Amino acid sequence: MVRIRGELTIAAPIDAVFATVADSRNEPAFNPSMTSVELLTPEPVGHGTKFRAFMGRRNLEMLVEVTDFEPPHRIGSTVSSTLMDTSGAITFSSHREHTVMSWDWEVTPKGWLRLLGPGLGLVGKRAERRIWSAMRDMLEADHQPADRNRSTEDR
């Protein structure tokens, strides 16, 4: 088992960050490795919601299940694929106009990936930071104050 943890501060409201993360169908917008996501259970998204996601050129299939749902502070999930099983949670807290998002995953590699051992943790940590940083950039662009959205000519 490998542990992957991290934290990121996002200049966007906690409700917007939580909603974006909670619905896995949003992930292809900020994760270029994720090719598609489909909802397998009825809306709304919440505890017990299931998604089918596809990653990479080989369209690796992953099944995602929301195991803990406490808006807007916590989302727990499990992810299963032929390569690994992942479980853990993402937590959210408000700090002024910002959201602090933290993740904590336990990854259990399968098959040949077990041979990577601790190296998988380093790769996973970098990948998670890259994915969530791209989401942060997307959300911050969407939630800029009105005067920051104006061009220099308008000021």
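Look up: the structure comes first, before these words.
The residue numbering used here restarts from 1 in each chain and proceeds along that chain's sequence as written. Residues qualify for local features only when their pLDDT is at least 70, as the model is predicted, and side-chain atom pairs are given and counted only at 80 or more; totals for whole chains, interfaces and linings, by contrast, use all residues. Each side-chain value is worked out from all heavy atoms of the structure, with water and hydrogens disregarded.

Q: What's the story with the environment of G48 in this structure? I'm lost.
A: Under the scheme used here, helices are H or I runs from DSSP no shorter than 4 residues and strands are E runs no shorter than 2 residues, and both carry numbers assigned from the N terminus. Its location among the elements puts G48 in the loop between β2 (34-39) and β3 (50-55). Accessibility expressed as a relative area gives 26% for G48, which makes it partly exposed. Linking G48 and T67, residues 19 residues apart in sequence, is a C-alpha distance of 5.9 Å. Contact criterion: two residues are considered in contact whenever any of their non-hydrogen atoms come within 4.5 Å of each other. Excluding residues that lie within four positions of it along the chain, G48 makes contacts with T41, E65 and V66. Under the scheme applied here, a residue whose accessible area is under 20% of the maximum for its type counts as buried, over 50% as exposed, and between as partly exposed, the area being computed with a 1.4 Å probe on protein chains only.

Q: Looking at this model, I keep getting lost on the sheet that holds strand β4 (residues 60-70). Mind explaining?
A: Adjacent strands of a sheet pair through backbone hydrogen bonds, lying either parallel or antiparallel. Pairing between two strands is assigned when DSSP locates at least 2 bridges connecting them. The strand order across the open sheet formed by seven strands is β1-β7-β6-β5-β4-β3-β2, and the pairing between neighbours is antiparallel. Where the open sheet ends on each side, the last strands, each with one partner, are β1 (2-10) and β2. With strand direction ignored, the average angle separating the axes of adjacent strands in the sheet is 20 degrees. Where β4 meets strand β5 (residues 74-80), seven bridges bridge the pair, whose relative direction is antiparallel. Its bridge partner lying in β5, L63 is registered against S80. To get an axis, fit a line to the C-alpha atoms, keeping to the stretch in contact for a helix; angles then go from 0 to 180 degrees between the N-to-C directions. Packed on one face of the sheet, helix α1 (residues 14-22) meets β1, β3, β4, β5, β6 (84-95) and β7 (98-109) and runs near 170 degrees to β6. The strands touched by helix α2 (residues 118-142) are β1, β6 and β7; relative to β1, the strand with the most contacts, the crossing angle is about 20 degrees.

Q: Even after reading the chapter, I still don't get the pattern of salt bridges, so can you show me in this structure?
A: Opposite charge on two side chains permits pairing when their charged atoms draw close. A side-chain nitrogen of Lys or Arg and a carboxyl oxygen of Asp or Glu constitute a salt bridge if their distance falls within 4 Å. Summed over the entire model, instances satisfying the criterion amount to ten salt bridges. Notably, a salt bridge pairs D68 with R74, separated by 2.4 Å at the nearest N-O pair. With relative accessibility at 17%, the residue D68 sits in the buried group. Since its relative accessible area comes to 30%, R74 is described here as partly exposed. Residue D137 pairs with R136 through a salt bridge whose shortest N-O separation is 3.1 Å. By relative accessible area, D137 is classed as partly exposed at 43%.

Q: Explain the layout of surface pockets here, please?
A: Empty pockets left among the atoms are what a rolling probe the size of a water molecule brings to light. One number sums up the size of the largest pocket: a volume of about 1,400 Å³. M55, M62, M84, E128 and I131 are the residues nearest the centre of the largest pocket, which is lined by 46 residues in total. Listing elements by their share of the lining of the largest pocket, those giving two or more residues are α1, β3, β4, β5, β6, β7 and α2. No other element matches the nine residues that α2 contributes to the lining of the largest pocket. Gly is placed with the polar residues, together with every amino acid not listed as nonpolar (Ala, Val, Leu, Ile, Met, Phe, Trp, Tyr, Cys and Pro) or charged (Asp, Glu, Lys and Arg). The residue inventory of the lining of the largest pocket, partitioned by class, reads 29 nonpolar, eleven polar and six charged. Here a cavity denotes a set of grid points, spaced 1 Å apart and computed over the protein atoms alone, in which a 1.4 Å probe fits but from which it cannot get out, and a pocket denotes an open set meeting protein on both sides within 12 Å along at least five of seven lines; residues with an atom within 4 Å of a point are reported as lining. Grid points are joined across faces, edges and corners, and a volume is the space filled by probe spheres set on the points.

Q: Teacher, can you tell me more about the packing of aromatic side chains here?
A: Here a Phe, Tyr or Trp ring, Trp counted by its six-membered ring, pairs with any other such ring whose centre lies within 6.5 Å, and the pair is stacked when the planes are under 30 degrees apart, edge-to-face when over 60, and tilted otherwise. Summed over all chains, the structure comprises four aromatic pairs. The interplanar angle of 40 degrees and the centroid separation of 6.3 Å between the aromatic rings of W103 and W132 together place this pair among those described as tilted. In this pair, W103 is assigned in strand β7 and W132 in helix α2, connecting sequence segments 29 residues apart. The exposure classification of W103 matches that of W132, with both residues buried. Ring-pair connections join several aromatic residues into one group, and the members of that group are F18, F69 and F92.

Functional significance is not addressed by these values, which are geometric in nature.
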